[in-house]
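# Commentary on secondary and tertiary structure
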Amino acid sequence: GLYDMSADAAIHDVRTEGDNMRPTPIYMVASGDLRLAANQVCWPTQKAVEERVCDAFAQEGHVLVRAHPVDDKAGHGFIYTQRMGLDVFNTIPKHARVVVVTAVWQYTHHVLGGLQHHKGPILTIGNWSGQWPGLVGLLNLNASLTKIGRVFSTLWSENFDDNFFLAGLREWLHTGTITQDDSHVHDLQLTRIASPDVALGEKLARKFEENRTIMGIFDEGCMGMVNAMIDDPLLNALGMYKERLSQSALLAAMRSVSQEEAQAIRSWMNNKGVQFVTGTNEDTDLTDTQILEQCKMYIAAVRIAHHYGCDLVGIQYQQGLKDMAPASDLAEGMMNNVDRPPVYHAVTKQELYPGQPVVHFNEVDEGAGLDALLTNRVWTELELDPATTLHDIRWGEQFGDQFVWVFEISGSAPPSHFVGGWAGASSERQPAMYFPLGGGTLKGVCRPGEIVWSRVFIMDGVVCREGALRAQLLFLSFMPTLAGLPQSTYLLKKLNVACVQRRISGRSCMRSFTGLHGTR
């Protein structure tokens, strides 16, 4: 009954002695990618996870009804457009219980509209896997539900047979909700911050508020990440305004960059010791042609940012540019580094943004962008390296007496975060199923030490900043690229960014983490 849309066919009779009632149907949906190739490659993993989830429900006396059939012709069973998602939810009884199973990366907006207006309890479930980014997809869905104010419950597991998962599942089946342990999360005690640091934070906050900033956005909204968009009134209240740019304009600007200019960028990186892992097959290898196109994107993005007076920019790339240009990752990593190839004005030949990064936020994730600019301002004031990056929480596991998280992203990682800097960086082709025109990453092993991990997000209609203020960075060398912050920066940022956030938001929405193992 796993893939049969008929409730009568899918729900088995689980009546017990003296009980003549069948269980109320529980409907399962699976949000996927927009890209057919990605859905086809990821489908076996999703199918296997769904089967394990269904087994867990069956052990509790319930059978899941798949609310949409597997498309054998397409080769997968994902919801792959927003329209399809809305249509699927139109077939689900409004007050029925709904389970969203997420084993791979997914586009939240495919199901968000249906979930927003659904009246019954919602449970999101993700796999705990170091190979597949189901946790990333789950957290994006959860964050987007939080932004729109939709109540939901969430669970995650490696094999869906552990006590944590089963206890949470039983609670949800009986009550429609799950009580999570968030005792490790607590409000930051601002009174414990030294007076000089409070004064510096307030000074930076006033400066940020008074010196209006511009966030350049090359096409807003990436891969259905509703949580990654900050509404204009909320952003404007902080003294920041959006310059909505077009990826078509970026592509046009790339065409105006000469081969000689692009080659100068490539030669600069070669001289710094970057290792480009290249081949000759455009479909499977990173090629010299792809790298030069990425160098043109870097030049074009910096020039457009300068033209519009942007303090930071974000390139969507997916979906808009994936069929028109190689990946934006290499350009993003260069932009976020202080020591980077010089870019000159096309007419005046003046160097643009000399001696400083052009702050870039990967996949136009505005929550990461605002956070990055705040960090940049604090680091600059303290005369520290202002390079910033963005990472997904991919996975974690117990190693000895420590729980170790894996952070990973393919774009925006500056080489100053790598062991060896530029000489420790390499560039490898992005996977064809996501990046048909290729392009290289900017990959490296992060420097050891402590990191500051934070993010701006929307909750209850308020701009909040939350993060782990202390995390010991161990050794990470996973694909496609990784980076960490210098260990000397932790304390000063901890003391000052909290003050900045309190001042500009009008209230303290920052919490500190005593540990990283949790859901908040």
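Please read these numbers as outputs of a predicted model, since none were measured by experiment.

## Some thoughts on the pattern of salt bridges
- Scanning all chains against the criterion turns up 22 salt bridges.
- Measuring nitrogen to oxygen at the nearest pair gives 2.9 Å for the salt bridge that ties glutamate 366 to lysine 242. Residue glutamate 366 is located in helix α13 (residues 366-381), and its partner lysine 242 is located in strand β8 (residues 240-245); the two are separated by 124 residues in the primary sequence.
- With relative accessibility at 13%, the residue lysine 242 sits in the buried group.
- Each of the salt bridges in this network shares a partner with another, and the network as a whole consists of Glu220, Asp232, Lys242, Arg244 and Glu366.

## Some details on the packing of aromatic side chains
- Evaluated as defined, the whole model comprises 8 aromatic pairs.
- An aromatic cluster of three or more residues is present, and its members are Trp128, Phe403 and Trp405.
- The ring of phenylalanine 276 carries the charged tip of arginine 266 above its face, separated from the ring centre by 4.4 Å.

## Regarding the sheet that holds strand β2 (residues 64-66)
- The strand order across the open sheet formed by 5 strands is β2-β1-β3-β4-β5, and the pairing between neighbours is parallel. With one partner strand each, in any of the chains shown, β2 and β5 (153-157) form the two edges of the open sheet. This sheet shows a mean twist of 30 degrees between the axes of neighbouring strands, independent of strand direction.
- As paired elements, strand β4 (residues 122-127) and β5 share 5 bridges and run parallel to each other. Following the sheet pairing, asparagine 127 is matched in β5 by serine 157.
- Across the sheet, helix α2 (residues 36-59) is in contact with β1 (26-29), β2, β3 (97-102) and β4; its angle to β3 comes to roughly 140 degrees.
- The strands that helix α6 (residues 163-175) touches are β1, β3, β4 and β5; relative to β5, the one it contacts most, it runs at about 155 degrees.

## Details of the packing of helix α4 (residues 109-117) against helix α5 (residues 134-148)
- Where α4 meets α5, the axes come as close as 11 Å, and the angle between the chain directions of the two elements is 45 degrees. With respect to their mutual orientation, α4 and α5 come out oblique. Read as a crossing pair, α4 and α5 show a hand that is right-handed. Each of Val111, Leu112, Leu115 and Gln116 in α4 lies in contact with α5, whose residues at this interface are Leu141, Ser144, Leu145 and Ile148.

## Things to note about the pairing of strand β13 (residues 402-408)
- With respect to burial, β13 is a largely interior element, 5 of its 7 residues being buried.
- Sheet analysis places strand β12 (residues 392-399) next to β13, joined by 7 bridges and oriented antiparallel. The residue bridging glutamate 397 from the neighbouring strand is valine 404, located in β13.
- The turn linking β12 back onto β13 is made up of 2 residues, and glycine 400 within it adopts a positive phi angle of 65 degrees.

## Things to note about the sheet that holds strand β7 (residues 213-218)
- In spatial order, the strands read β8-β7-β10-β11; together these 4 strands make up an open sheet with parallel pairing. Unpaired on one side and paired on the other, β8 and β11 (359-360) mark the two borders of the sheet.
- In the sheet, strand β10 (residues 312-315) pairs with β11 via 2 bridges, with the strands oriented parallel. Across the sheet, the residue bridging to leucine 312 is valine 359, located in β11.
- Packed onto the sheet, α13 meets β7, β8, β10 and β11 and runs at close to 140 degrees relative to β7.

## Comments concerning the confidence of the model for the chain
- Mean pLDDT over the chain stands at 84; residues scoring 70 or higher make up 85%.
- Long-range and interchain partners of residues 1-21, a stretch whose pLDDT sits below 50, account for 40 contacts in this model, where long-range means more than four residues apart.
- For the stretch residues 468-520, pLDDT sits under 50, and the model shows 180 contacts to residues farther than four places along the chain or on other chains.

## With respect to α2
- Between the first and last C-alpha of α2 there are 34 Å, a value that for 24 residues agrees with the 34 Å anticipated at 1.5 Å per step.
- Remark: the principal bend of α2, roughly 45 degrees, maps to tryptophan 43, with a proline, proline 44, within the next four residues.
- The complete set of buried residues in α2 reads Ala38, Asn39, Cys42, Trp43, Thr45, Gln46, Val49, Glu50, Val53, Cys54, Ala56 and Phe57.
- As for α2, its buried residues are in contact with β1, β2, β3, β4 and α6.
- Following α2 by one or two positions, glycine 61 has its phi on the positive side, about 90 degrees.

Cut-offs and rules
Residues numbered from 1 in each chain as written. Predicted model: local features only at pLDDT ≥ 70, side-chain atom pairs only at ≥ 80, totals over all residues. Heavy atoms only, no water. Salt bridge = Lys/Arg side-chain N within 4 Å of Asp/Glu carboxyl O. Helix = DSSP H or I, 4+ residues; strand = E, 2+ residues; numbered from the N terminus. Buried < 20%, exposed > 50% of the residue type's maximum accessible area, 1.4 Å probe, protein only. Phe/Tyr/Trp six-rings, centres within 6.5 Å; stacked < 30°, edge-to-face > 60°. Lys NZ or Arg CZ within 6 Å of the ring centre and 35° of its normal. Pairing = 2+ DSSP bridges. Axes fitted to C-alpha atoms, helices over the stretch in contact; angles between N-to-C directions. Contact = heavy atoms within 4.5 Å. Parallel < 35°, antiparallel > 145°, perpendicular 65-115°, else oblique. Left-handed = near helix turned anticlockwise from the far one by under 90°. pLDDT = per-residue confidence, 0-100. Expected span 1.5 Å × (residues − 1). Bend = angle between axes of the 7 residues up to and from the residue.

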